[in-house]
Amino acid sequence: MNTSTGFALKIKKFLRLFGPGLITGASDDDPSGIATYSQAGARFGYSTLWTAILTFPLMAAIQGMCGRIGLVTQQGLAGTLKRYYPKWFLYIILALSFPAITFNIGADLQGMGAVANMLIPSVPVWAFCVFFTAFLLFVIIKYSFDKISTILKWLCLSLLLYIIIPFLVSTDIMPILRSSFIPTIHFNSDFFSILVAILGTTISPYLFFWQATMEAEVISRQTENSKPVKHLLKDMRLDVNAGMLFSNAVMFFIILTSGEVLYKAGITQIETVDQAAKALEPLTGELSYLFFAVGVIGTGLLAIPVFASSLAYILAETFELSQGLDKKFFQARGFYITLSASLLIGLGLDFIGLSPIKALLYTAILYGITAPVLIGVILHISNNSKIMGEHTNTRLSNILGFIALVLMTFAAIGLLYFQFA
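Residues numbered from 1 in each chain as written. Predicted model: local features only at pLDDT ≥ 70, side-chain atom pairs only at ≥ 80, totals over all residues. Heavy atoms only, no water.

Further remarks concern the overall build of the protein chain. Broken down by element type, the protein chain carries 19 helices and zero strands. In terms of overall dimensions, the protein chain is globule-like: its C-alpha atoms have a radius of gyration of 20 Å, near the 22 Å expected for 421 residues. Dimensions along the principal axes, computed over C-alpha positions, put the protein chain at roughly 55 × 50 × 45 Å. The proportion of buried residues among the 421 residues of the protein chain is 57%. Summarising the internal contacts of the protein chain: among those between residues at least 6 apart in sequence, 83% fall at separations of at least 24. (Helix = DSSP H or I, 4+ residues; strand = E, 2+ residues; numbered from the N terminus. Rg over C-alpha atoms; globule rule 2.2 N^0.38 Å. Buried < 20%, exposed > 50% of the residue type's maximum accessible area, 1.4 Å probe, protein only. Contact = heavy atoms within 4.5 Å.)

Per the stated rule, a full pass over the model turns up three salt bridges. Between Glu271 and Arg43 there is a salt bridge; the shortest N-O distance is 3.9 Å. Linking Glu271 in the loop between helix H13 (229-263) and helix H14 (273-284) with Arg43 in helix H3 (residues 31-44), this pair joins segments that are 228 residues apart in sequence. For Glu271, a relative accessible area of 29% gives the class partly exposed. Among the ionic pairs, Glu260 bridges to Lys264, the shortest N-O distance being 3.2 Å. (Salt bridge = Lys/Arg side-chain N within 4 Å of Asp/Glu carboxyl O.)

We now examine the packing of helix H8 (residues 145-156) against helix H15 (residues 286-318). Relative to each other, H8 and H15 sit at 145 degrees, their axes nearing to 9 Å. As H8 packs across H15, the resulting crossing turns out to be left-handed. Within the contact between the two elements, H8 uses Leu152, Leu155 and Cys156 and H15 uses Gly298, Leu301, Leu302 and Pro305. Looking at the contact of H8 with H15 residue by residue, the class counts come to six nonpolar, one polar and no charged. (Axes fitted to C-alpha atoms, helices over the stretch in contact; angles between N-to-C directions. Left-handed = near helix turned anticlockwise from the far one by under 90°. Nonpolar A, V, L, I, M, F, W, Y, C, P; charged D, E, K, R; others polar.)

Counting buried positions over the eight residues of helix H2 (residues 20-27) gives eight, a clear majority of the element. Of all the positions in H2, only Pro20, Gly21, Leu22, Ile23, Thr24, Gly25, Ala26 and Ser27 are classed as buried.

Attention now moves to the packing of aromatic side chains. What the rule picks out here adds up to 17 aromatic pairs. Here Trp88 and Phe89 contribute two aromatic rings whose centre-to-centre distance is 6.2 Å and whose plane-to-plane angle is 85 degrees, an arrangement assigned as edge-to-face. A relative accessible area of 55% places Trp88 in the exposed class. You can call Phe89 buried: its relative accessible area is 13%. Three or more aromatic residues joined by ring pairs make a cluster, and in this case those are Phe44, Phe187, Phe191 and Phe192. (Phe/Tyr/Trp six-rings, centres within 6.5 Å; stacked < 30°, edge-to-face > 60°.)

Core analysis: the largest hydrophobic core is formed by 138 residues, its most contacted members being Leu81 and Phe292. Tallying contributions element by element places H15 first for this core, with 18 residues. (Core = buried A, V, L, I, M, F, W, Y, C linked by side-chain atoms within 4.5 Å.)

If you check the backbone angles, Gln74 has positive phi at about 60 degrees while not being a glycine. Phi is positive for Glu320, which is not a glycine, with a value near 55 degrees. Residue placement: Glu320 occurs in the loop between H15 and helix H16 (333-351).

Looking at the element boundaries, Ser32 is found in helix H3. Among the polar contacts listed, one links the side chain of Ser32 to the side chain of Asp108, at a separation of 2.4 Å. (Polar contact = N/O pair within 3.5 Å; in protein donor to acceptor, adjacent residues only side chain to side chain.)

Attention shifts here to a nonpolar patch on the surface. The grouping of Ile53, Ile173, Met174, Leu177, Phe181 and Ile182 at the surface amounts to a nonpolar patch, some 600 Å² of accessible area in total. For Phe181, the location among the structural elements is in helix H10 (residues 173-181). Phe181 gets classed as exposed once you look at its relative accessible area, which sits at 58%. (Patch = residues over 30% accessible without salt bridge, like charges linked within 9 Å, V, L, I, M, F, W, Y side chains within 5 Å. Areas by Shrake-Rupley, 256 points an atom, 1.4 Å probe, with all protein chains shown as cover.)

Within the element layout of this structure, Gln269 appears in the loop between H13 and H14. On the basis of relative accessibility, which here comes to 53%, the residue Gln269 falls in the exposed class. For Gln269 and Ile387, which are 118 residues apart along the polypeptide, the C-alpha to C-alpha distance reads 48 Å. Leave out the neighbours within four places in its chain, and Gln269 touches Arg43 and Gln275.

Relative to the helices and strands, Ile297 resides in helix H15. Owing to a relative accessible area of 15%, Ile297 belongs among the buried residues under this scheme. Residues Ile297 and Pro124, 173 residues apart in the sequence, show an inter-C-alpha distance of 15 Å. Those residues in contact with Ile297, other than ones at most four positions away along the chain, are Met112, Val115, Ala116, Leu119 and Phe132.

This is how it looks when you write it as structure tokens:
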């Protein structure tokens, strides 16, 4: 066995230790998220680094509750909502989720296409968008859940590129540490707008549904010799905490890179992810630019299946359709048709002239409306012994969940204020 093969096997063995939590965390750093974090660093330097530290325990707490709901109830969040809450509530969540997720898919596809076009200028952006859509549809429909899960875990490695970039340029560690642990707040609308954008990008409703459903899938594949729920819950907590830590570490380093390179060079207006990549090249060299660009494509290939699958699971559980990434197309037609439609509609948005900036704005508004409501419901479910039995929330989970609820409520109010006031 040669060295490269041995290293690949070790990485593969390491990735087996992790499951839905790692994929959930990594998918949160999609091209749209990268654009938001790049904007934060370019506009305000190191000033928003502390948000990566703050949001980590909040994300871990909420996603941990969602994972626990999936393991204990053996169904996704949509299924639990349908069983214990009024149906109209679930229908409203579905009505808000469908456009939000498709807008997000459209923005990510356009970002991936724009970055790929920078690497290969002879191929137009629209052609790359079509290629990525077709490729993702083929992989999702063709392969089983286990295979897709393995592919997504490998794509998580693309995020490591963002951790490498700051080490390619000289940095002063003390200002970074101060900004990381001592919050800096600028009392102006631009700064509060970017804070709201970071919170909305980091704590996203589609992740709640994905986490719960994936843990329910874990239970559905259990055999007589598999681990009991108590051990699965312990594994889930480790997986979720590692995934959220990974996600926030990547967020931290993207803000750091933009703050170190773009902000210090006076490049403070970054609107899209390809603009961030272009701005890096003359300042840090071709290698960091290449890392940034390839990372965008890798994260897009990771995140878009999570977006589309989350929506398909929500609709399937709402209308009791056959579902599951481990099923063939003919076994779960409604599930795969929904998944395919979300990708194709997202692609179509790029052809009708909807800019990725507007798509992200609409996404942020819809997520902002649903996130606080869903967090409140998740807290209610997680503390309901009739649903969760002995696996209700701990005091720490409730404290962190309540803080997340308050922050996301203020973020939603702030988002609406800054956009419409």
